[in-house]
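One letter stands for each residue in the lines below.
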Amino acid sequence: MSTEPMPSALRPRDADGPPGFESRIAVLDIVQQPLRARSCGNTDRDRRTLDPPPVLRLDIRKPQCPTADTEYMKRFTFIVQCLLCAADSTGPLLPPGARGRALVRGNLVASAHYGDLKLDGCHGEACYFCFPDLSFSTAGYYKLRFQCLWIDQYARPGAHFVRSLGTMGHQLSDVFRVYSAKDFPSMLPMTAISLALKRQGLWIRGGIQRNRRERRLAKAAAQARLNDSNSNNNNNKTFNNNNNEEEDDDEEEEEEENANNNPDMSSSGISREGSTHNTHSIHNIKADIKNDALNITQTTT
C-alpha cells in the first residue's frame, strides 16, 4: 500500500465550496469531448495537440434560476485540473510511459473564462474551461478525468488554499484514441465552440494552423474571382471597341452616299468655278480702262 499522502484537493475535509455555495446548485458539464490525437515526441516542434480540445462549463446558480450566477462566481477563483486515466476504468492514474517519457504533456490546469458563446445550448454568460495544449507520447486509448477546484483566499494560516467542490466537481470524458504517426488520419475542422472561444481571445493551438490554411484558400479563391472578372471586363472592352469601329465605318459610308446623291454638292462646285471666272474678267476690264486712259493722254499732248 502506498504511503504517499493524498492530494489536498481529494481529502474529504476539503470537499466544500466557497461561502454561500450550500444554497446554490452547481453543475459541471463537458460541452466538447476530445476525439483523437497523434502521438508525438518530447520536442516542442513535434507536438500534436488533442483535437478538438476538451471544453467544460461550470454553472453555479440559485434554485429556480435558469442562468448561471456569474456575479457570485467571479468573486472566487475556480480552476479545473486534468488527469489521464485508463480507457477501461476510472482506476489508478497511468504511470509514466516507456523510457521515462511522460504520457501526457501540456498545461493540465485550466483557468476560468467567462463569456457568452451565442451557440445552441450555450446561450448566456457562463464559466468555461478549455485544455488546448494537451499532447500524448504513446498511441492507445485513453480518457481524461477532470476535477473542479477553487482557491480559498480567505483561508486561515495553515489551512489548505485549494479546495474541492466535492463529487459534483468530477467528470470523465469519453474514450479517445491517440494514433501513431503513420495511422493518424488528419486534423479535424475547427468546431463552433472552439472558434467562438478563439474569437473571444482564448489561445487554441491547432485552430491557428487550420485558420491560416483556410485564409490561404480563401485568398486564392478571391484572386481567381478577381482574375475572372478582369478577363470579362477585357472581353467587354474589345467588344465595345469593335462596335465603335463598325459604327464609324457605317457613318463614313453614309456620308459618301449622301455626297453622291445630293445635287447641291455639284452646283456648289459650279458656282465656285463661275465666281473665279468673274474675278478674272473684272481684272481684264480694269486693265483695258487704264490702257485707254494712257492713249488719250498721249494724243492730247
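Everything in this summary refers to the structure shown in the same document.

Some points on the overall build of the protein chain
Helix and strand content of the protein chain: four helices and 13 strands. Looking at the protein chain residue by residue over its 301 residues, the buried ones come to 32%. Contacts in the protein chain between residues far apart in sequence, at least 24 positions, make up 74% of those at least 6 positions apart. Carbon and sulfur atoms form 51% of the exposed surface of the protein chain, whose accessible area is close to 19500 Å².

Some words on the nonpolar core
One finds Leu58, Phe78 and Phe136 to be the most contacted residues of the largest nonpolar core, which totals 33 residues. Of all the secondary structure elements, the ones that give two or more residues to this core are strand 1 (25-32), strand 3 (55-61), helix 1 (70-73), strand 4 (77-86), strand 8 (126-130), strand 10 (140-151) and strand 13 (176-179). A total of five residues in this core trace back to one element, the largest contributor, which is strand 10. Excluding its chain neighbours within four sequence positions, the residues that come into contact with phenylalanine 78 are Pro18, Leu58, Ile60, Met73, Ser111, Ala112, Tyr114, Phe129, Cys148, Leu149, Trp150 and Leu165.

Considerations on the sheet that holds strand 3
Read across the sheet, four strands follow the order 1-3-8-7 without closing on themselves; strand pairing throughout is antiparallel. Looking along the sheet, the strands with just one partner apiece sit at the ends: strand 1 and strand 7 (113-115). Direction aside, the axes of adjacent strands within the sheet are offset by 30 degrees on average. Note: strand 7 against strand 8, three bridges, orientation antiparallel. Counterpart to glycine 115 in the pairing with strand 8 is alanine 126. Along the sheet, helix 2 (residues 192-199) contacts strand 1, strand 3, strand 7 and strand 8; its crossing angle with strand 1, the most-contacted strand, is approximately 110 degrees.

Considering the side chain of aspartate 59
Note that aspartate 59 resides in strand 3. Taking relative accessible area as the criterion, aspartate 59 reaches 13% and is therefore assigned buried. If near-sequence neighbours (up to four positions away) are discounted, aspartate 59 is found in contact with Ile25, Ala26, Val27, Ala68 and Ala126.

What about the pattern of salt bridges?
Any two side chains of opposite charge can pair, given that their charged atoms come close. Per the stated rule, a full pass over the model turns up three salt bridges. Taking the shortest distance from any N to any O, the salt bridge between glutamate 125 and lysine 74 comes out at 2.9 Å. A residue pair is termed long-range when its members are at least 10 positions apart, and glutamate 125 in the loop between strand 7 and strand 8 and lysine 74 in the loop between helix 1 and strand 4 qualify at 51 residues. Glutamate 125 gets classed as partly exposed once you look at its relative accessible area, which sits at 36%.

Quick word on the pairing of strand 8
In terms of burial, strand 8 is largely enclosed, as five of its five residues are buried. When strand 3 meets strand 8, the two strands line up antiparallel, connected through four bridges. Across the sheet, leucine 58 pairs through a bridge with cysteine 127, a residue of strand 8.

Details of the packing of aromatic side chains
Tallied over the full model, the rule gives seven aromatic pairs. Note on tyrosine 72 and phenylalanine 76: the rings are 5.2 Å apart at their centroids and 65 degrees apart in plane angle, and the pair reads as edge-to-face. Residue classification places tyrosine 72 among the buried positions, given a relative accessible area of 3%. Note on phenylalanine 136 and tyrosine 142: the rings are 6.1 Å apart at their centroids and 10 degrees apart in plane angle, and the pair reads as stacked. The same class applies to phenylalanine 136 and to tyrosine 142, which are both buried. A connected cluster of aromatic rings, assembled from ring pairs, spans Tyr72, Phe76 and Trp150. Across the ring face of tyrosine 72, the terminal group of arginine 24 is positioned such that the distance to the ring centre comes to 3.9 Å. The lysine or arginine in question, lysine 74, covers the ring of tyrosine 114, its NZ or CZ lying 5.4 Å from the ring centre.

Overview of the environment of valine 175
With respect to the helices, strands and loops of the structure, valine 175 is situated in the loop between strand 12 (170-172) and strand 13. The exposure class assigned to valine 175 is partly exposed, which follows from its relative accessible area of 45%. Contacts of valine 175, omitting those with residues within four sequence positions, involve Ala87, Tyr141, Tyr142 and Lys143.

Basis of the calculations
Position numbers for residues start from 1 in each chain and track the written sequence from start to end. Where local features are concerned, this predicted model is filtered to residues with pLDDT of at least 70; where side-chain atom pairs are given and counted, the filter is 80 or more; whole-chain, interface and lining totals use all residues. In computing side-chain properties, one takes all heavy atoms of the structure into account and sets aside hydrogens as well as water. Here a strand is any run of E in DSSP of at least two residues, a helix any run of H or I of at least four, and the numbering for each starts at the N terminus. Only protein chains enter the accessibility calculation, which uses a 1.4 Å probe; a residue whose area is less than 20% of its type maximum is buried, one above 50% is exposed, and one in between is partly exposed. Residue contacts are defined here by distance: any two heavy atoms, one from each residue, within 4.5 Å place the two residues in contact. Accessible surface is estimated by sampling points in the Shrake-Rupley manner with a 1.4 Å probe; for residues, cover comes only from the protein chains shown. Side-chain atoms within 4.5 Å link the members of a nonpolar core, which is a set of buried Ala, Val, Leu, Ile, Met, Phe, Trp, Tyr and Cys residues. Pairing between two strands requires that DSSP report at least two bridges joining them. Here an angle of 0 to 180 degrees is reported between the N-to-C directions of two axes, which are lines fitted to C-alpha atoms, with helices fitted over the stretch in contact. Any Lys or Arg side-chain nitrogen located within 4 Å of an Asp or Glu carboxyl oxygen qualifies as a salt bridge. Ring geometry is summarised as follows: Phe, Tyr and Trp rings, the Trp one being its six-membered ring, pair when their centres sit within 6.5 Å, and such pairs are stacked at plane angles under 30 degrees, edge-to-face over 60 and tilted between the two. Only when the NZ atom of a Lys or the CZ atom of an Arg is both within 6 Å of the ring centre and within 35 degrees of the ring normal do we say a charge sits over the ring.

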